[in-house]
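Listed here are the chains, written in short residue letters.
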Protein chains: 2
Amino acid sequence: MSADLRLQTLLNSDSHCLHSQKQGIVISSRVRLARNVADQPFRRSLEREQQETLTQSLLHTCAKVLKPEDHIHLQLDAISDIQRKALVERFMVSPELAASRRSEAVIIADDEHCSAMINEEDHMRLQVLKSGLDLGAALQEAQNVDRQLETYINWAYSSTFGYMTSCPTNTGTGLRASVMLHLPALAETKELRNALRAIGKLHLAVRGLHGEGSEATGHFYQISNQRTLGSSEEDIVERLEYVIRDLVEYEQLARESLLDKKRIEFEDKAFRAWGILTHARRLTNHELIEHMSWVRLGAATGILPIRDWSVLDRIFIRTQSAHLQLQHQDADNGNERKKLRAELVRTWLLGAVR
Amino acid sequence: MSADLRLQTLLNSDSHCLHSQKQGIVISSRVRLARNVADQPFRRSLEREQQETLTQSLLHTCAKVLKPEDHIHLQLDAISDIQRKALVERFMVSPELAASRRSEAVIIADDEHCSAMINEEDHMRLQVLKSGLDLGAALQEAQNVDRQLETYINWAYSSTFGYMTSCPTNTGTGLRASVMLHLPALAETKELRNALRAIGKLHLAVRGLHGEGSEATGHFYQISNQRTLGSSEEDIVERLEYVIRDLVEYEQLARESLLDKKRIEFEDKAFRAWGILTHARRLTNHELIEHMSWVRLGAATGILPIRDWSVLDRIFIRTQSAHLQLQHQDADNGNERKKLRAELVRTWLLGAVR
């Protein structure tokens, strides 16, 4: 199967790494390692031709580890704008990489659990994605891939600082570990602000669904380490997991408290969100995510009788703008997309209770 | 059956005079005549005992025309606060009459089409209510009752001014004719403001659901004559009907235009309102009326498959606060009423599509 056909298949499928557990507090765990080739200028200082040569060389070398049998190798200038945006929506490439017009590339495992961006901010950013809370396994797998790559590539490394990166905030381990969480009950009980403030003091960053600068729509949060220097990879991941376990427990307590003390208000919000999503004829992505937050909470607490939880994850990925445009020719304008989004959401949600 | 039991039965029933036609633009027509007994001070100048005597005397006389076999005769101080409020919700007595603590009375036909308030602002205010646009018949019936009463009572009448009333704005015919309309499409297409401005120039008054000072919630409007002097009753009613027919036509055109040019936005609003009303677990009366406005419009235009239109009218009357309190002991606080209202609305609406 050609890379293009494999990409189409991937973009038409549910995301394998974002199927959250039934309880649905932790959606996914992600580890990414930033690496740069020794004796080469950083990406921002590369001339166009140098970058092209480096991209080809890295693609060639990576193919020995991230094998073309089960990894799609893509030069980003060879795919359409909409395909690039869809890859952003699936968390496979960064918005920056998708927007660039030079020779960048990405390698994506067919099941999306592992991917590598080539010539984004660093020469290589390796990502491993796991559903649920599983940072340890994600780190192990990323390190394993990295070690295999190191038998072929000499990474820029300083015995004082560790791995050298384009931006000093990544220097050292080059590790960013992050967890995506759904914290609606903490938000509803107003305890979230305190919890997030405490997290800030632990040198962890809190961001919205799509990373830096994105809003925390629908009470989805990404929490990640800010420090990459001075601790081992294992320590960074362990400390983050420790905090996440605490947050999950707080969220669980907040859910129990809502069910116990504000059940009717809670049921009202969950059922209204369900009523709107199963009836609306036009939906923006933002509104969808806001209502889905209550539907997820309703489903997780047994208030809404949703049998097929995977539908909730599917809706998140496959009703985003670029995904709609890829699947439906007439979704090339905002009004048609709103209509189509509402149709898909209705069909899928109603199917999930049958 | 005792008056109290008959009142209970009435307050537990659907309103017979507010079942609007399927198209649902005109809900009801109302005519009221203000009358005062000759050689008696106006109500505001009556001593307590004088008022008591006059109330008894009027009740006695009225019984000859509005016969106790099919009219409930009620002294308002003999019924509960909540029953009084429920009568206001059914448009049978004014809020002012319900709030007063002196000897006022009301006579209500078992089917509510005819009623008389005794010692409200005037000694007697006779009301005839018809569903749909039927002002001529309402006027005829009110005049017929008035003529019969005149064989027993000498009304205060001046050959120069006509019937004398407590407030000069009613002097002359003592007639207030009003029509309750649902004009959501005109409101949506922004043409309503112009239409209502034109109506103001014709010396007609525009008010919300519950008359003077009330808001036009859910695009329900009451339109009535402001002038009571210098024209015959028939002319006043005819001119009002003429304007109403115009408004109905404008509303019809606006509905067709919505269906034609903004169908998807329109469907979206109607289905969302339906989705919320059939799923919410708490509803204020205000929110209910706002959403019911779209549900009515959806039903009237065939977008929502509602088979039993009478349910829409039932919901308006019987989910109001005092009605809920009368029917359910635990509806004595706002939170319980919101819950109960949502339950009734859900049950009735879902029943209406079966």
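Residues numbered from 1 in each chain as written. Chains lettered and ligands numbered in written order. Predicted model: local features only at pLDDT ≥ 70, side-chain atom pairs only at ≥ 80, totals over all residues. Heavy atoms only, no water.

Observations regarding the relation of the copies chain B and chain A
If you rotate chain B by 180° and push it 0.0 Å along the axis, it lands on chain A with an RMSD of 0.0 Å. These values place the two chain copies in the arrangement generated by a two-fold rotation axis. Looking at the rotation axis and the C-alpha trace of chain B, the residue lying nearest is B:Gly275, at 2.2 Å. A high fraction, 100%, of the interface residues of chain B reappear at the interface in chain A, so the copies pair face to face through one surface. (Least-squares fit on C-alpha atoms with pLDDT ≥ 70 in both. Contact = heavy atoms within 4.5 Å.)

Notes on the environment of A:Arg32
Residues and elements named next belong to chain A. Along the chain, Arg 32 turns up in strand E1 (residues 26-35). Spatially, the C-alpha atoms of Arg 32 and Glu 290 are 28 Å apart, while their sequence positions differ by 258 residues. Sequence-distant contacts of Arg 32, defined by excluding residues within four places in its chain, comprise Arg 125, Leu 126, Gln 127, Asn 170, Gly 174, Leu 175 and Arg 176. Within the structure, Arg 32 has its side chain in polar contact with the side chain of Asn 170 (distance 3.4 Å). Within the structure, the side chain of Arg 32 is placed 3.3 Å from the backbone oxygen of Gly 174, a separation counted as a polar contact. (Helix = DSSP H or I, 4+ residues; strand = E, 2+ residues; numbered from the N terminus. Polar contact = N/O pair within 3.5 Å; in protein donor to acceptor, adjacent residues only side chain to side chain.)

Concerning the sheet that holds strand E9 (residues 204-207) of chain B
All names here are of chain B. Spatially, E2-E3-E4-E5-E1-E8-E10-E9 is the arrangement adopted by the 8 strands of the open sheet, whose pairing is antiparallel. With one partner strand each, in any of the chains shown, strand E2 (71-75) and E9 form the two edges of the open sheet. Averaged over all neighbouring strand pairs, the angle between strand axes comes to 15°, with direction disregarded. In the sheet, strand E3 (residues 105-109) pairs with strand E4 (residues 114-118) via 4 bridges, with the strands oriented antiparallel. Residue Ile 108 lies in a different strand from E4, and its bridge partner there is Ser 115. (Pairing = 2+ DSSP bridges. Axes fitted to C-alpha atoms, helices over the stretch in contact; angles between N-to-C directions.)

Concerning the sheet that holds strand E3 (residues 105-109) of chain A
Residues and elements named next belong to chain A. One open sheet holds the 8 strands; their spatial order is E2-E3-E4-E5-E1-E8-E10-E9, and the pairing between them is antiparallel. Looking along the sheet, the strands with just one partner apiece sit at the ends: strand E2 (71-75) and strand E9 (204-207). Between one strand and the next, the sheet's axes are offset by a mean angle of 15°, whatever the strand orientation. Together, E9 and strand E10 (220-225) form the strand contacts of helix H7 (residues 192-201), whose direction differs from that of E9 by roughly 140°.

A closer look at the domain arrangement of chain A
Residue and element names in this part refer to chain A. Per the domain assignment, the segments making up chain A are domain 1 (3-255) and domain 2 (263-350). Computed over C-alpha atoms only, the centres of domain 1 and domain 2 are separated by 26 Å. At the interface, 33 residues of domain 1 touch 24 residues of domain 2. Both sides of the domain 1 and domain 2 interface together cover about 2300 Å² of buried area, and 59% of this is carbon and sulfur. At the boundary of domain 1 and domain 2, one finds 3 salt bridges. A salt bridge links Lys 269 to Glu 188; the shortest N-O distance between them is 2.7 Å. For the interface between domain 1 and domain 2, the tally reads 11 residue pairs in polar contact (both at pLDDT 80 or more). (Domains from an automatic or database assignment. Buried area = accessible area lost by both parts, 1.4 Å probe. Salt bridge = Lys/Arg side-chain N within 4 Å of Asp/Glu carboxyl O.)

Quick look at the interface of chain B and chain A
Across the contact, 17 residues belong to chain B and 17 residues belong to chain A. When the two sides are added together, the surface that chain B and chain A hide from each other amounts to roughly 1600 Å², 64% of it contributed by carbon and sulfur. Contact with chain A buries surface across chain B, with B:Arg272, B:His279 and B:Arg281 losing the most and accounting together for 38% of the total. Here A:Arg282 makes a salt bridge to B:Glu265, at a shortest N to O gap of 3.9 Å.

Description of a negative patch on the surface
Together, A:Glu47, A:Glu49, A:Glu52 and A:Asp77 make up a region of like negative charge exposed at the surface. Tracing the sequence through the fold places A:Glu47 in the loop between E1 and helix H2 (48-62). (Patch = residues over 30% accessible without salt bridge, like charges linked within 9 Å, V, L, I, M, F, W, Y side chains within 5 Å. Areas by Shrake-Rupley, 256 points an atom, 1.4 Å probe, with all protein chains shown as cover. Lys, Arg positive; Asp, Glu negative; His and termini not counted. Charge placed at Lys NZ, Arg CZ, Asp CG, Glu CD.)

Observations regarding the pattern of salt bridges
Residue and element names in this part refer to chain A. Across all of its chains, the model carries 38 salt bridges over all chains by this definition. The shortest N-O distance in the salt bridge between Arg 125 and Asp 122 comes to 3.1 Å. You'll find Arg 125 and Asp 122 in the same group, each marked buried. Bridged by salt links that share partners, the residues Glu 120, Glu 121, Asp 122 and Arg 125 form one connected network. (Buried < 20%, exposed > 50% of the residue type's maximum accessible area, 1.4 Å probe, protein only.)

Thoughts on helix H13 (residues 334-353) of chain A
All names here are of chain A. Between its first and last C-alpha atoms H13 spans 29 Å; for 20 residues at 1.5 Å apiece the expected length is 28 Å, and the two agree. Regarding H13, the residues found buried are Arg 337, Leu 340, Arg 341, Ala 342, Leu 344, Val 345, Arg 346, Trp 348, Leu 349 and Ala 352. The inward-facing, buried residues of H13 abut helix H9 (263-277), helix H10 (285-300), helix H11 (310-318) and helix H12 (321-327). Sitting at the head of H13, Asn 333 places a side-chain oxygen 3.0 Å from the backbone nitrogen of Asn 335. (Expected span 1.5 Å × (residues − 1).)

Let's talk about the nonpolar core
Membership of the largest hydrophobic core comes to 186 residues, with the highest contact counts inside it found for A:Leu181, A:Val295, B:Leu181 and B:Val295. Dropping the residues within four chain positions of it, A:Leu181 is found in contact with A:Ile25, A:Val26, A:Ile27, A:His219, A:Phe220, A:Tyr221, A:Ile223, A:Ile244, A:Leu247 and A:Val248. (Core = buried A, V, L, I, M, F, W, Y, C linked by side-chain atoms within 4.5 Å.)

Some thoughts on the packing of aromatic side chains
This structure, assessed with the given rule, holds 6 aromatic pairs over all chains. Between A:Tyr157 and A:Tyr163 the ring centres are 4.9 Å apart and the planes differ by 75°, which places this aromatic pair in the edge-to-face class. Judged by its relative accessible area of 12%, A:Tyr163 falls in the buried class. Taken together, a centroid distance of 4.9 Å and an interplanar angle of 80° make the contact between B:Phe220 and B:Phe316 edge-to-face. Here the residue B:Phe220 occupies a position in strand E10 (residues 220-225), and B:Phe316 occupies one in helix H11 (residues 310-318), the gap between them amounting to 96 residues. Residue B:Phe220 shares its accessibility class with B:Phe316, and that shared class is buried. The aromatic ring of A:Phe271 is capped on one face by B:Arg281, whose charged end is 3.5 Å from the ring centroid. Over the ring of B:Trp348 we find B:Arg314; its NZ or CZ atom is 5.4 Å from the centre of that ring. (Phe/Tyr/Trp six-rings, centres within 6.5 Å; stacked < 30°, edge-to-face > 60°. Lys NZ or Arg CZ within 6 Å of the ring centre and 35° of its normal.)

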